[in-house]
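The primary structure of each chain is shown beneath.
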Amino acid sequence: MADALISPAVGGTMWLGVAGLAAYSAQKVTKNLEEEKIPLMGVLGAFVFAAQMINFTIPGTGSSGHLGGAMLLAILLGPYAAFLTIASVLTIQALFFADGGLLALGCNIFNLGFFPCFIAYPLIYKQIVRDATNQKRIYIGATIAAIIGLQLGAFGVVLETITSGVSDMPFVAFLLLMQPIHLAIGIVEGLVTAAVISFVWRERPEIIQRAGKSEPLGNLRIKPVLLGLLVAALLTGGTLSWFASESPDGLEWSVGKVTGAEELQEPEGGMYALLGDLQKQIAFLPDYNFKKAENVVATMPDSKAGTSVAGIVGTLMTLLLVGIIGKSLQLVGKNN
Amino acid sequence: MLTMESRWLDVRQLDEMGSQKTVIHQIHPCAKLVTTVIFLTVVASFAKYEVMGLLPLLLYPMVIFTLGDLPVGGILKRVLLTVPFVIFIGIFNPLFDQAPYATIGPIVLSGGWISFLSILLRFFLAVTAALLLVATTGMDAIGMALLKLRVPRIFVIQLLFMYRYLYVLLEEFIRTIRAHSLRSFQGEGVKPKVWGSLLGQLLLRTIDRAQRIYQAMLCRGFDGEIRMIRRRKLMRSDIAYCLGWSSFFIMVRFVNIPQWLGNLLIGGSG
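Everything numeric here is computed off the predicted structure, so don't read it as measured data.

Peer 1: Looking at this structure, how should I read the overall build of chain A?
Peer 2: When helices and strands are counted, chain A shows 13 helices and 2 strands. Burial statistics for chain A: of 336 residues in total, 53% are counted as buried. Once local pairs closer than 6 in sequence are excluded, the contacts in chain A between residues at least 24 apart make up 71%. Here chain A displays about 14700 Å² of accessible surface, and carbon together with sulfur accounts for 66% of that area.

Peer 1: Please explain the overall build of chain B as it appears in this structure.
Peer 2: Within chain B one finds 12 helices and 2 strands. Helices and strands in chain B line up, N terminus first, as α-α-α-α-α-α-β-β-α-α-α-α-α-α. Along the three orthogonal principal directions, the C-alpha set of chain B runs to about 75 × 55 × 30 Å. For chain B, buried positions account for 57% of its 270 residues. Look at the contacts in chain B between residues 6 or more apart in sequence, and 76% of them connect residues 24 or more apart. For chain B, the accessible surface area stands at approximately 12200 Å², while carbon and sulfur atoms represent 66% of it.

Peer 1: Can you walk me through the pattern of salt bridges in this structure?
Peer 2: Oppositely charged side chains may form a pair once their charged atoms are brought near each other. Scanning all chains against the criterion turns up 5 salt bridges over all chains. Residue arginine 204 of chain A pairs with aspartate 208 of chain B through a salt bridge whose shortest N-O separation is 2.8 Å. On the criterion of chain membership, the pair formed by arginine 204 of chain A in the loop between helix 7 (171-203) and helix 8 (205-213) and aspartate 208 of chain B in helix 10 (residues 192-219) is interchain, its members lying in two chains. Aspartate 208 of chain B sits in the partly exposed class, given a relative accessible area of 29%. The closest approach of N and O atoms between glutamate 172 of chain B and arginine 205 of chain B, which form a salt bridge, is 2.8 Å. Highlighted residues: glutamate 172 of chain B in helix 9 (residues 153-183) and arginine 205 of chain B in helix 10, separated in sequence by 33 residues.

Peer 1: Would you take a moment to explain the interface of chain A and chain B for this structure?
Peer 2: Interface size is often expressed as the accessible area that is lost when the parts come together. Each partner contributes to the interface: chain A provides 105 residues, whereas chain B provides 104 residues. Taking both partners together, chain A and chain B bury about 9700 Å²; carbon and sulfur atoms supply 78% of that area. The interface formed by chain A and chain B includes 1 salt bridge. Across the chain A-chain B interface, the total number found is 3 residue pairs in polar contact (both at pLDDT 80 or more). In the side of chain A that touches chain B, the residues fall into 73 nonpolar, 23 polar and 9 charged.

Peer 1: Please clarify how the packing of helix 3 (residues 70-77) of chain A against helix 7 of chain A should be interpreted in this entry.
Peer 2: Helix packing for two helices is described by the angle between their axes and how far apart those axes are. Residues and elements named next belong to chain A. At a closest axis distance of 9 Å, the pairing of helix 3 and helix 7 adopts a crossing angle of 30°. Judged by the inter-axis angle, helix 3 sits roughly parallel to helix 7. Of the two elements, helix 3 crosses helix 7, and the hand of that crossing is right-handed. Of helix 7, the residues touching helix 3 (which contributes Ala70, Met71, Leu72, Ile75 and Leu76) are Glu189, Thr193, Val196 and Ile197. Of the residues assigned to the contact of helix 3 with helix 7, the class counts are 7 nonpolar, 1 polar and 1 charged.

Peer 1: Explain the packing of helix 5 (residues 83-90) of chain B against helix 7 (residues 111-137) of chain B to me, please; I cannot follow it from the model alone.
Peer 2: All names here are of chain B. At their nearest, the axes of helix 5 and helix 7 sit 10 Å apart, and the two run at 160° to each other. If you check the angle between helix 5 and helix 7, you find them roughly antiparallel. Handedness of the crossing formed by helix 5 with helix 7: right-handed. Residue-level contacts link Val83, Val86, Ile87 and Gly90 of helix 5 to Phe116, Ile119, Leu120 and Phe123 of helix 7.

Peer 1: How do you make sense of unusual backbone geometry when you look at a structure like this?
Peer 2: With the exception of glycine, the majority of residues adopt a negative phi angle, and the majority of peptide bonds are in the trans configuration. Residues and elements named next belong to chain B. A positive phi angle, near 55°, is found at aspartate 69, a position not held by glycine. One can find aspartate 69 in the loop between helix 3 (59-67) and helix 4 (72-81). Phi angles above zero are rare outside glycine, and arginine 150 is one such case at about 70°. In this structure, arginine 150 sits in the loop between helix 8 (139-148) and helix 9. The exposure class assigned to arginine 150 is exposed, which follows from its relative accessible area of 75%.

Peer 1: Help me out: how do you make sense of the nonpolar core in this one?
Peer 2: The tendency in soluble globular proteins is for nonpolar side chains to be buried as a group. Grouped together as the largest cluster of nonpolar side chains are 178 residues, with contacts concentrated most on Phe96 of chain A together with Leu57, Phe173 and Leu199 of chain B. Sequence-distant contacts of phenylalanine 96 of chain A, defined by excluding residues within four places in its chain, comprise Val11, Leu14, Asp15, Arg78, Leu131, Val134, Met139 and Tyr163 of chain B.

Peer 1: Please clarify how the packing of aromatic side chains should be interpreted in this entry.
Peer 2: Aromatic rings considered in pairs are described by the distance between their centres and by the relative angle of their planes. If you walk through the whole model with that rule in mind, you get 20 aromatic pairs over all chains. A ring pair is formed by phenylalanine 110 of chain A and phenylalanine 114 of chain A, whose centres lie 4.6 Å apart and whose planes are at 10°; its orientation type is stacked. Of the two residues, phenylalanine 110 of chain A and phenylalanine 114 of chain A are both situated in helix 5 (residues 105-129); the distance of 4 residues between them amounts to about one turn of the helix. On the basis of relative accessibility, which here comes to 2%, the residue phenylalanine 114 of chain A falls in the buried class. Ring geometry for phenylalanine 39 of chain B against tyrosine 60 of chain B: centres 4.6 Å apart, planes inclined by 35°, an arrangement best described as tilted. Of this pair, phenylalanine 39 of chain B sits in helix 2 (residues 29-45) while tyrosine 60 of chain B sits in helix 3, and the two are 21 residues apart along the sequence. Ring pairing ties together the aromatic residues Tyr24, Tyr80, Phe83, Phe110, Phe114, Phe115 and Phe118 of chain A, which thus form one cluster. The residue whose ring lies beneath arginine 253 of chain B is phenylalanine 46 of chain B, and the NZ or CZ to ring-centre distance is 5.1 Å.

Peer 1: Looking at this structure, I do not really get helix 7 of chain B. What am I missing?
Peer 2: Because each turn of an α-helix spans 3.6 residues, side chains separated by three or four positions end up pointing in the same direction. Residues and elements named next belong to chain B. In this model helix 7 runs 39 Å from its N-terminal to its C-terminal C-alpha over 27 residues, within 8% of the 39 Å that 1.5 Å per residue would give. Most of helix 7 sits inside the fold, with 23 of its 27 residues counted as buried. Among the residues trailing helix 7, glycine 138 stands out with phi positive, at a value near 85°.

Calculation rules
For every chain, the first residue of the written sequence is number 1, and numbering continues from 1 along that sequence. Just so you know, chain letters begin at A and ligand numbers begin at 1, following the order they were written in. In keeping with the predicted nature of the model, local features appear solely for residues at pLDDT of at least 70, side-chain atom pairs appear and are counted solely at 80 or more, and the whole-chain, interface and lining totals rest on all residues. Excluding hydrogens and water, the side-chain figures rest on all heavy atoms present in the structure. Starting at the N terminus, helices and strands are each numbered in turn, a helix being any DSSP run of H or I of at least four residues and a strand any DSSP run of E of at least two. Residue burial is assigned from relative accessible area. The probe radius is 1.4 Å, only protein chains are included, and a residue is buried under 20% of its type maximum, exposed over 50%, and partly exposed in between. Pairs of residues are marked as contacts when any of their non-hydrogen atoms sit within 4.5 Å. All accessibility values rest on the Shrake-Rupley procedure with a 1.4 Å probe; residue burial counts only the protein chains present in the view. Here, a salt bridge means any side-chain nitrogen of Lys or Arg that lies within 4 Å of a carboxyl oxygen of Asp or Glu. Buried area, as used here, totals the accessible surface that two parts lose on assembly, with accessibility defined by a 1.4 Å probe and the loss added over both. Throughout this description, a polar contact denotes any pair of N or O atoms lying within 3.5 Å of each other; where both atoms belong to protein, one of them has to be capable of donating a hydrogen while the other can accept it, and for residues adjacent in sequence the pair is counted only when both atoms sit in side chains. Gly is put with the polar residues, along with every residue not named as nonpolar or charged; the nonpolar set is Ala, Val, Leu, Ile, Met, Phe, Trp, Tyr, Cys and Pro, and the charged set is Asp, Glu, Lys and Arg. To obtain each axis, a line is fitted to C-alpha atoms, and for helices this fit is confined to the stretch in contact; angles are then taken between N-to-C directions over 0 to 180 degrees. When an angle is under 35 degrees it counts as roughly parallel; over 145 it counts as roughly antiparallel; between 65 and 115 it counts as roughly perpendicular; any other value is oblique. A crossing counts as left-handed when the near helix is turned anticlockwise from the far one by less than a right angle, and as right-handed when that turn is clockwise. We call a set of buried Ala, Val, Leu, Ile, Met, Phe, Trp, Tyr and Cys residues a nonpolar core when their side-chain atoms join them within 4.5 Å. Each aromatic pair joins two rings of Phe, Tyr and Trp (for Trp, the six-membered one) with centres within 6.5 Å, and gets the label stacked for planes under 30 degrees apart, edge-to-face for over 60, and tilted for any other angle. Geometrically, a lysine NZ or arginine CZ counts as sitting over a ring once it is within 6 Å of the ring centre and also within 35 degrees of the ring normal. One less than the residue count of a helix, multiplied by 1.5 Å, gives the span that helix is expected to have.

So this is what it looks like as C-alpha cells:
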C-alpha cells in the first residue's frame, strides 16, 4: 500500500483502527509481561527487519522470496507484543526507505500486522500446533497460518485501494492479480517461518515452550477490538468521506454541510468575488461527468482551450517560482 | 548482498543527516511531525485528476532541502527506488480510463494518463516528505515527539530499541550472509535446506544478545524509561512554522495557483 494510492478517509480510518489496536496491545503487554520483553521485542524487531533483506531461493523457479516476519514474531512473542513489534518495523521502513509512506502506514500495519497476529496466529497456528511438541505440526501450522495471513493482507490492500478510488483498477482484476502473487509469497513465508521455528525447537526448545505458554491470547477477546474498529471505521467514514468523494469540490461541499448552506454565502465584492471569478475561470474540466466522451467533445475543444493554455503557462510559472525560491534560499544560506 | 549493504548504508546516511544543526533541524520535532502529517493529508485529499493544483506543494520539499542543507541526489535516489510499486498499480489507469479529458494543442490526453500523472506526483510528494522528516529530525527526536503526542510508551521505547539494535544486528547479518554466499555456488540466494539453520542460528544469537543487553542495562539502572538529554520546549517559532506551512498547504488545496498565475499572465481567457 502506498501514500499515492490512498485517500485520506481510508488512510485515516486505518490509522485510527491501528492506533486503537496498538493502544490495546500496549496495555496488554505492559499489564501481563515482564519488562524483560521490551528489549527482546526491540531485538526481534531488528532481527525481522534484517531478515527481510535475505533472499530465499525458491526451488525450481530460480526466483527468490522474502520473509515478512509477523508470523514468526507472533510465535516467539505472542500476538500483542508481536503486533507492536511488526508495527515498529514497518514504521522504520516507512520513515527510512519510504516503503509505503506515512499516510498508508496505518493500512500497512493493519494488513501485515493485524491479520497474522490476531487472526492467523490464534485461530490457525495455535489450533494446529497447540503446545508445540511435534515438528510436523509446526510445519503445517506455520505454513497455513502464513498463507492465510498474507491472503487476508493482500485482500486488505485490494479493499483499501478500491475504496480510495485513486487507482482505476477494477476490483476483480486487482483481486486476481494480488491473491495469486501473495499465495506464492505466503508459501515461502510459511516455509521459512516453519524452518526457523523447528530449528529453534530442536536446538533450544525452551524458547518456543516459553513463548507458547505465555498467554495464547488468553481467552481471545477479539470482539471488543473488532467492535472498536467498526466504530472507528463508521465514524471516520461518516465524517471524512467527503475527502474521498469523487467530486473535486468535496471540501467545499463539506464546508457547506457544516455551515448549513447548500452553497457558501459569498459576501459580494472584494476578495470573495475575485476568488469566485477565479474559480469559474479555473474550472479545468473539473467534473467527472466529462469523462463521458460525448460531453467532452461538446465542451472541451473550443471553450476550454484558452483555459488550458493558461493552465500550462501557469504550471510552468509555478515550477519556475518554486525553483527561484529554492535557489535564492540557497544563496541566502551561503552568504550567512 | 549488495542490496542489503546499500540499504544499510542508506539508513546510516539518513541518520547522519538527521544530526545536523540547520534552521530546519532545530525546529521542535513535534512541529515537524505535525506539519508532515498535514502535508500528507492535503496531498492525498486532492481530486483524482488533479495535477496542476498539486504543483505548488513542491515548494515544501524545495525549502526543506535547501534550508536543511540536504543532498538532493541522495534523497531522490531513495525516492526512485520505491517507484516500481506505484507504477505497477498506477499504469492500469491509462488502460482502464481512456475517455478524453484534456487537450494540449493537438494532443488529447485521456483521463487515465492524467490520473496516472497525478498518482506519480502524489507519490513523489508523499515519499519525499517522509524522508525529509527523518533527514531533518533523526529517529530519537521522532521518538520523543511520538511520546509527546501520546503514542503508547512501550511502543516508542521498543521502536527506539529496535532502531539502536539495527546497528549491531544488520552488520552481523551482512557478515553471515556474505560468509554463506562465499561458500555456496549460487550466489546470494539461501537454499531451502539451510533456511531454518541459517536464520535460526541468527535468531538464537539475537535472543542471547537481547538477554545480555538487558542484563547489562539492568546493571546500569535501567527502569523501563529512556531518558533524552536533548529536551526542549515547544517555542513560538515552532508553532509559527507549523501554522505557516499548514495555511500554505490549505491555501494550495483551495486555490489552483498555477491556473491563477496563468490567467494573470494570459489575461484570464476561458
